[in-house]
Amino acid sequence: MNVAVLASGTGTNLQALIDRAHGRDGVRIAAVASDRPSSPALERARAAGIERNVFPRSEFPHRQARDDAIAAWLLAQQVELVVLAGYMQLLERSFLRCFPERVINVHPALLPAFPGLKAVDQAIAYGVKVFGVTVHFVDEGVDSGPVILQRALELPQAHDPEQVLAQLRPLEHELLPEAVRLIARGAVRADPENRRRILIER
Ligand code: GRF
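Residues numbered from 1 in each chain as written. Predicted model: local features only at pLDDT ≥ 70, side-chain atom pairs only at ≥ 80, totals over all residues. Heavy atoms only, no water.

## Focus: the sheet that holds strand 1 (residues 2-6)
Ordered in space as 3-2-1-4-5-6-7, the seven strands form an open sheet in which the pairing is mixed. Where the open sheet ends on each side, the last strands, each with one partner, are strand 3 (51-54) and strand 7 (147-154). With direction set aside, neighbouring strand axes in the sheet form an average angle of 15 degrees. Across four bridges, strand 2 (residues 28-34) lies against strand 3 in parallel orientation. Along strand 3, the bridge assignment pairs alanine 33 with asparagine 53. (Pairing = 2+ DSSP bridges. Helix = DSSP H or I, 4+ residues; strand = E, 2+ residues; numbered from the N terminus. Axes fitted to C-alpha atoms, helices over the stretch in contact; angles between N-to-C directions.)

Here it is, written out as structure tokens:
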């Protein structure tokens, strides 16, 4: 299964995918794209010998044009699954239609709690005692698609977002490669009676 990863940031989740999913269960990370030329994710892709491309906001001021260009590039690489790993842009509906039910995202909260930006800050401000990570399919809403995998972490004293994010990172690095490998194995499907319920065959 040819997989593309979209990343804007440091790319530690991309690195986890390279280390823990690439070359296993039929997964091949075939392409990495970023909207930020300085994203370390691009360097991680280069070091792993993976095709990469950058679609900067300066060249593509309108999201539609950028998303069309990214989709065209990914389709040319015969990508079958798109993984958002810290990709800080929303995607146009037309992009999602190119990869139906084949775009996934990792989010640092237990959805449907705390969607959107600064999820951990939101959770701390709310005063929760349990944090967590969600891997989910991407639909046209913000972090609103069906949940594939979730993992919780009890942090009753949490107060510093950076510390919580650092504690959640290892969970993300396990969960995201696991989800990609399960999808590649054909072990992930929607319950026909309720397509929001994702069934995993272990
Ligand atoms: C992660 O916290 C992820 O949950 C969020 O963006 C961050 C990406 O981190 N969507 P990295 O660039 O993979 O290190």
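## Digging into the packing of aromatic side chains
Each aromatic ring pair is specified by the distance between its two centres and by the angle formed by the two planes. On inspection of all chains with the given rule, the structure shows four aromatic pairs. Taken together, a centroid distance of 6.0 Å and an interplanar angle of 45 degrees make the contact between phenylalanine 55 and phenylalanine 60 tilted. A relative accessible area of 5% means that phenylalanine 55 is categorised as buried. When the ring of phenylalanine 55 is compared with that of tryptophan 73, the centres are 6.1 Å apart and the planes differ by 55 degrees; the resulting orientation is tilted. Here the residue phenylalanine 55 occupies a position in the loop between strand 3 and helix 3 (63-76), and tryptophan 73 occupies one in helix 3, the gap between them amounting to 18 residues. Within the aromatic cluster, the residues linked to one another by ring pairs are Phe55, Phe60 and Trp73. (Phe/Tyr/Trp six-rings, centres within 6.5 Å; stacked < 30°, edge-to-face > 60°. Buried < 20%, exposed > 50% of the residue type's maximum accessible area, 1.4 Å probe, protein only.)

## Describing the packing of helix 1 (residues 12-20) against helix 2 (residues 40-47)
Put simply, helix 1 and helix 2 touch, their axes get as near as 9 Å, and they point 20 degrees apart. Of the possible angle classes, the one that applies to helix 1 and helix 2 is roughly parallel. Where helix 1 crosses over helix 2, the handedness of that crossing is right-handed. The residues of helix 2 that touch helix 1, namely those facing Thr12, Leu14, Gln15 and Ile18, are Ala41, Arg44 and Ala45. Classifying every residue of the contact of helix 1 with helix 2 gives four nonpolar, two polar and one charged. (Parallel < 35°, antiparallel > 145°, perpendicular 65-115°, else oblique. Left-handed = near helix turned anticlockwise from the far one by under 90°. Contact = heavy atoms within 4.5 Å. Nonpolar A, V, L, I, M, F, W, Y, C, P; charged D, E, K, R; others polar.)

## Concerning the environment of isoleucine 200
Tracing the chain through its elements places isoleucine 200 in strand 9 (residues 194-200). Isoleucine 200 sits 17 residues away from isoleucine 183 along the chain, and the two C-alpha atoms are 9.1 Å apart. Residues within four places of isoleucine 200 in sequence aside, it is in contact with Ile148, Leu149, Leu182, Ala187 and Val188.

## Things to note about the layout of surface pockets
Empty pockets left among the atoms are what a rolling probe the size of a water molecule brings to light. Taken as a whole, the largest pocket spans an internal volume of roughly 1,200 Å³. When residues of the lining of the largest pocket are traced back to their parent elements, those giving at least two are helix 1, helix 4 (93-98), strand 5 (103-107), helix 5 (119-126) and helix 6 (161-184). In terms of residues, the lining of the largest pocket owes the most to one element, helix 6, which gives four residues. Of the residues contributing to the lining of the largest pocket, the split by class is 15 nonpolar, 14 polar and 12 charged. Counted as a void, the second largest pocket has a volume near 350 Å³. Along its surface, the second largest pocket is lined by 17 residues, and Pro100, Glu101, Arg102, Phe137 and Val138 are the ones closest to its centre. Sorting elements by how many residues they give to the lining of the second largest pocket places strand 8 (residues 188-191) first, with three residues. Its residues placed into classes, the lining of the second largest pocket shows 10 nonpolar, no polar and seven charged. (1 Å grid on protein atoms, 1.4 Å probe; cavity = no way out; pocket = protein on both sides within 12 Å on 5 of 7 lines; lining within 4 Å. Points joined across faces, edges and corners; volume = space filled by probe spheres on them.)

## Details of the site of the ligand
Inspection of the region around the ligand gives Gly9, Thr10, Gly11, Thr12, Asn13, Gly86, Val106, His107, Pro108, Arg169 and Glu172 as its neighbouring residues. Contact between the ligand and threonine 12: an oxygen atom at 2.6 Å from a side-chain N or O atom of the residue. About the coverage of the ligand: the protein hides 88% of its 370 Å² of free accessible area. Among the cavities detected, the one that contains the ligand is the largest pocket. At the level of secondary structure, the elements contributing two or more residues to the shell around the ligand comprise helix 1, strand 5 and helix 6. Taken together, the residues of the shell around the ligand sort by class into two nonpolar, seven polar and two charged. (Near = heavy atom within 4 Å. Polar contact = N/O pair within 3.5 Å; in protein donor to acceptor, adjacent residues only side chain to side chain. Areas by Shrake-Rupley, 256 points an atom, 1.4 Å probe, with all protein chains shown as cover. Sits in = over half its atoms within 2 Å of the grid points.)

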